[in-house]
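Descriptive structure summary
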Amino acid sequence: MQDGETLGTVNASHHWFDDLLSRASALPAVSVAVVYPCSPVVLNAAVDVAEDGLLHPVLLGPEETIRSLAAECGRDLSLCKIVCCPDAKAASEYAVQLVHDGTVSLIMKGALHTDMLLHAVLQHENGLRTGRRVSHVFVMDVPAYPRPLLVTDGVVNIAPDLACKVDILRNAVALAHTLGLNIPKVAVLSAVETVTAALPSTIDAAALSKMADRGQITGALVDGPLAFDNAINMDAAREKEIVSPVAGQADVLLVPDIEAGNMLAKQLTFLAGADAAGIVLGAKVPIILTSRADSERARVLSCVLGRLVAEDQATGQS
C-alpha cells in the first residue's frame, strides 16, 4: 500500500474484513446479549456467528416470537440461549444486567430503536458508563480507497462540543489500534480546510490538532480542519497546497456532527459499495450497533469488530 494511493484508485479486492474475521475466529467464543432479535436479519446474523463459533448468542425477547421467526427462516437455535423478555425495553435492561453479572462480554442491538438501548446502557446508577463519553464508529471497506476508513460519530452524539469530540477521537483511535493501525491518521472534517470563526467546527478541528501536537491526545496523527476531498485524495490536497501528514491518506474521519457522519457513511455504503460495520465504544463492553436497514453481512462484520474489541478490553490493551 502506497501513501499516494487515494480515492479513485479502484481496488475491489480488499480483504480487510476477511483478515479481521480470521483474527476473531481464532479467539475463544464469548457470550453476546442480542437485544430483541425479532427480525429475520438480526436473528440470521446471530445464528451465523454462533455457527461460525465466533460468539455465543443470548437472545433476549419474547420466546414465542423468536422461535416462530426462526422456524420461518429455517434456522436452528440450538447454539443460542433464549431468555424471555416481554418487550424491547425489558430486553435492553436485562442485557445491562447480564453485563454486570459477568454473563456476557458484548451487547448486540436487534430490532429496536437505538435510543431505547442506549437509555438502558447510559443510566447513571445501573448503566454501563465509564469515565469516557460513548460514541459510534463505522468501519468502512470502500472499494475505491486503499485502506480501511473509520467514520465517527454518525449515530450517537448529535452536536458534540470540543470535550465530547476529544472522547470520540480517543475511542476511534483505540479501535484503530485494535484493527492494527498503530499510528492512525485522523482527519478532523469541516466544510473548508482553513480556520474561520464563521464555522465553529473549524475551530474545534484546530484545537484537536493542537492538542495532539502537545501530547494531550496520543496514539495518532491528527490534523484539521480538512475538507472531505483533501482528507482522502492526495491530488486534492496538493491542489490546495496543504502540507500535512494526514491529508490525502486519512484512516479516520472525525465529522462535525451526527448529520454529517450519518450521511457520509450511508453514501459510502449505498453509492460507493462499501462494506460497513458499526460499533459503540466507551461503555463497559462494546456494543454492536447497526441500522435496522443494515444487511446481515454488516451485522456479522460488526460482531467481528465487537469480538476483537472485547478481547483487547479483557487483556487490558484497550
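The structure reproduced in this document is the subject of the present report. Nothing here was measured: the structure is a model prediction, and the numbers come from that model. (Residues numbered from 1 in each chain as written. Predicted model: local features only at pLDDT ≥ 70, side-chain atom pairs only at ≥ 80, totals over all residues. Heavy atoms only, no water.)

What follows concerns helix 11 (residues 296-314). With 19 residues, helix 11 extends 27 Å between its outermost C-alpha atoms, agreeing within 8% with the 27 Å of an ideal straight helix rising 1.5 Å per residue. Counting buried residues in helix 11 gives 14 out of 19 residues, a clear majority hidden from the surface. Among the residues trailing helix 11, G316 stands out with phi positive, at a value near 75°. (Helix = DSSP H or I, 4+ residues; strand = E, 2+ residues; numbered from the N terminus. Expected span 1.5 Å × (residues − 1). Buried < 20%, exposed > 50% of the residue type's maximum accessible area, 1.4 Å probe, protein only.)

Time to look at the packing of helix 1 (residues 16-25) against helix 11. The geometry of helix 1 relative to helix 11 is characterised by a closest axis approach of 9 Å and an angle of 50° between their N-to-C directions. Comparing their axes, helix 11 and helix 1 come out oblique. Pair helix 1 / helix 11 crosses with left-handed handedness. Across the interface between the two elements, F17, L20, L21, R23 and A24 of helix 1 pack against L301, V304, L305, R307 and L308 of helix 11. (Axes fitted to C-alpha atoms, helices over the stretch in contact; angles between N-to-C directions. Parallel < 35°, antiparallel > 145°, perpendicular 65-115°, else oblique. Left-handed = near helix turned anticlockwise from the far one by under 90°. Contact = heavy atoms within 4.5 Å.)

For the bond running from T152 to D153, omega is -5°, close enough to zero to count as cis. With an omega dihedral of 5°, the bond running from G224 to P225 counts as a cis peptide bond. Structurally, P225 is set in strand 8 (residues 221-226). Of note in the backbone geometry, Y36 takes a positive phi value of approximately 60° without being a glycine.

Here H136 lies in strand 5 (residues 135-141). Aside from chain neighbours lying at most four places away, what touches H136 is V151, T152, D153, V155, V156, G278, I279, V280 and L289.

What follows deals with the sheet that holds strand 4 (residues 106-109). Spatially, the 11 strands line up as an open sheet ordered 3-2-1-4-11-10-5-6-9-7-8, and their pairing is mixed. Edge strands, defined here as strands with exactly one partner in the open sheet, are strand 3 (81-84) and strand 8. Judged from the 6 bridges that link them, strand 1 (residues 30-35) and strand 2 (residues 55-61) form a sheet pairing that is parallel. Directly across from S31, in strand 2, lies its bridge partner H56. (Pairing = 2+ DSSP bridges.)

What sets the pattern is the α-helix's 3.6 residues per turn: residues three or four places apart point alike. Across its 14 residues, helix 4 (residues 88-101) extends 20 Å between first and last C-alpha, which sits within 8% of the 20 Å expected from 1.5 Å per residue. Among all positions in helix 4, only A88, A91, S92, A95, V96, L98 and V99 are buried. Take helix 4 and look down its axis: the buried residues cluster within an arc of 155°, on one side only. On its buried face, helix 4 is in contact with strand 1, strand 2, strand 4 and helix 5 (114-121). Its side-chain oxygen placed 3.3 Å from the backbone nitrogen of K89, D87 serves as the N-cap of helix 4. Just past helix 4, the residue G102 takes up positive phi, approximately 80°. (Arc of directions from axis to C-beta. Polar contact = N/O pair within 3.5 Å; in protein donor to acceptor, adjacent residues only side chain to side chain.)

Before going further, it helps to examine the packing of helix 2 (residues 40-51) against helix 3 (residues 63-73). Remark: helix 2 packs on helix 3, axes separated minimally by 10 Å, with the N-to-C direction vectors making an angle of 80°. Considered as vectors, helix 2 and helix 3 are oriented roughly perpendicular to each other. Residues P40, L43 and N44 of helix 2 form the contact with helix 3, whose own contacting residues are I66, L69, A70 and C73. Partitioning the contact of helix 2 with helix 3 into residue classes produces 6 nonpolar, 1 polar and no charged. (Nonpolar A, V, L, I, M, F, W, Y, C, P; charged D, E, K, R; others polar.)

That is the geometry; function is a separate question.
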